[in-house]
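# Overview (structure and organization)
Listed below are the residues making up each chain.
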Amino acid sequence: EQQRQAVYAHQPAVTADGHRVEIAANIACSIEAPAAFANGAEGIGLFRTEMLFMDRHSAPDEDEQFNHYREVLDAANGKPVIIRTMDIGGDKPIDYLKLPEEANPFLGYRAVRIYPQFEQLFRSQLRAILRASVYGSTRIMIPMIQSIEEIRWVKQQLAAVKTELDNSNIAYSKQLQLGIMVEIPAVAFIIDQFCQEVDFFSIGSNDMTQYLLAVDRDNAQVSHLYNSLAPAFLRLLQHVVSTAHEHGRWVGLCGELGADTKVLPLLVGAGLDEISMSAPKITATKAALNHLTFEHCQQLFEQACQCPTIDDVTALLNKTASQET
Ligand code: PEP
Ligand code: MG
C-alpha cells in the first residue's frame, strides 16, 4: 500500500477530475522542514513558531529567529511558507514573560492578546520574518484573532516595522501575504469584514471545534462531545469558505482534522484551497485525493451540511467510502 501511495508523493495534489488542493505540512521547528518537503509537501501551511520561545530563559533575538525562518524558506525552494507568529501564553507558559496563572487558560491571555504588552518582542518577530521574506514565498499568519481591532493593530505594527526596515535600507518581500487563523467562532460571522483586512485564512479546526462546541478537549468528562464532524462545524466551514471566495480570498485548514483521510471528501467538497497536516500524512492524502472527484465531494458536503447529527454525517462518509472501494 505504501509503495502504491509513494507514486503520489511528488506529484501535484489533484482530484481525479483535475481540481487542485494544495497539500502542505505543519512544522514546529525549522529542522523539520527538509523532511516535510521530502514527504511531498507543496508548502508549509503552519510553522508553529512558539517552540522557538519555549523551554529557555530568555527570548530568541531577532537574528536567531531570522536564521530559523530563513532555513525553512531555503528548504521550501520557492514553495509558500506560512509562518504563524507566536501562540504563547495560556497553556503554553513562558517563564521569562512572567504571565499570570489562569483558571481558564484556553479563554485567557495568549497569542495575539499578549502582543501589545510585549510589543518589542512581537516586533522583533515581525522584523525577523520580513528580513527572511526575500528568501522565498512568505506568508505571515496571526493566531487567535477575534476582532477587526486586533488585526488592525497588527497591521499598524507591520507597517511600522516596514518603515523601520525601509529607513535602514533593509530588504523584504513586497509580495508578503498576511492572514489569520480562523479558530474563534466570532470570526466566522464577520468573515466578509476580515476579507477587507487580510489576504488569506486558515481554519484551526482544533481550537475552532473546542470553542464552537464549548468543549475542553483535555477534559475526559466531555471529550466525547469534541467532534469536528458536528453539522454546526461543517456549516461554519461552508460559510467561511464561500464568503472568502466571494471576496477573492483563499482558505486553508491546518488543524488535526486535515490529516484524517476519511474526512478528506468533506474538506475537498467544502472548497478548501489548502490543507496542512503533519508531514507523514501527506502521501496518503495525495493518494486519497486522486481517487475523489470534486463534483462528488461537493455533493457529499452539501448533504453533510443538511445532516442533523454527527452519526448521520459519519454514516454518509462510511457509505461513500464503501462505494469507492
Ligand atoms: C488549531 O487550533 O487548529 C491550530 C492549528 O492551532 P494549534 O493547534 O497550534 O492551537
Ligand atoms: Mg489553535
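Here we summarise the structure given alongside this text. Here the structure is a predicted model, which is why all the values come from computation and not from measurement.

Along its length, the protein carries 13 helices and eight strands. Relative to the 2.2 N^0.38 estimate, which gives 20 Å for 325 residues, the radius of gyration of the protein is 20 Å and therefore close to what a compact globule would have. If you line up the protein on its principal axes, its C-alpha atoms span 60 × 45 × 35 Å. In the protein, which comprises 325 residues, the share counted as buried stands at 42%. Across the protein, contacts joining residues at least 24 apart in sequence account for 69% of those joining residues at least 6 apart.

Bringing the site of ligand 1 into the picture now. For ligand 1, the full set of nearby residues is Leu46, Arg48, Asp87, Glu183, Gly204, Ser205, Asn206, Asp207, Cys254 and Gly255. Secondary-structure elements contributing two or more residues to the shell around ligand 1 are strand E2 (44-48) and helix H8 (205-212). For the shell around ligand 1, the element with the highest residue contribution is H8, accounting for three residues. Classifying every residue of the shell around ligand 1 by side-chain character gives two nonpolar, four polar and four charged.

Turning next to the sheet that holds strand E4 (residues 137-142). The eight strands are arranged E1-E2-E3-E4-E5-E6-E7-E8 in a closed barrel whose pairing can be described as parallel. Strand-to-strand twist of the sheet, defined as the mean angle between neighbouring strand axes without regard to direction, takes the value 25 degrees. In this structure, strand E7 (residues 250-253) lies alongside strand E8 (residues 274-278), joined through two bridges in parallel fashion. For Leu253, the partnering residue across the bridge sits in E8 and is Ile275.

Here the focus is the pairing of strand E3 (residues 80-84). For E3, the buried fraction is high: four of the five residues fall into the buried class. Remark: the E2/helix H3 (residues 62-76)/E3 crossover connection has right-handed handedness. Pairing of E3 with E4 involves five bridges; the strand directions are parallel. What sits directly across from Pro80, in E4, is Ser137.

A few words now on unusual backbone geometry. Of note, Asn77 is a non-glycine position whose phi angle comes to about 50 degrees, a positive value. Positionally, Asn77 belongs in the loop between H3 and E3. Phi is positive for Met144, which is not a glycine, with a value near 60 degrees. In this fold, Met144 is placed in the loop between E4 and helix H5 (148-167). Classification of Met144 by C-beta neighbours within 10 Å gives buried; the count is 21.

Reading the values: the criteria
Residues numbered from 1 in each chain as written. Chains lettered and ligands numbered in written order. Predicted model: local features only at pLDDT ≥ 70, side-chain atom pairs only at ≥ 80, totals over all residues. Helix = DSSP H or I, 4+ residues; strand = E, 2+ residues; numbered from the N terminus. Rg over C-alpha atoms; globule rule 2.2 N^0.38 Å. Buried ≥ 20, exposed ≤ 12 C-beta atoms within 10 Å, placed from the backbone. Contact = placed C-beta atoms within 7 Å. Near = placed C-beta within 6 Å. Nonpolar A, V, L, I, M, F, W, Y, C, P; charged D, E, K, R; others polar. Pairing = 2+ DSSP bridges. Axes fitted to C-alpha atoms, helices over the stretch in contact; angles between N-to-C directions. Right-handed = clockwise from strand over helix to strand, strands pointing away.

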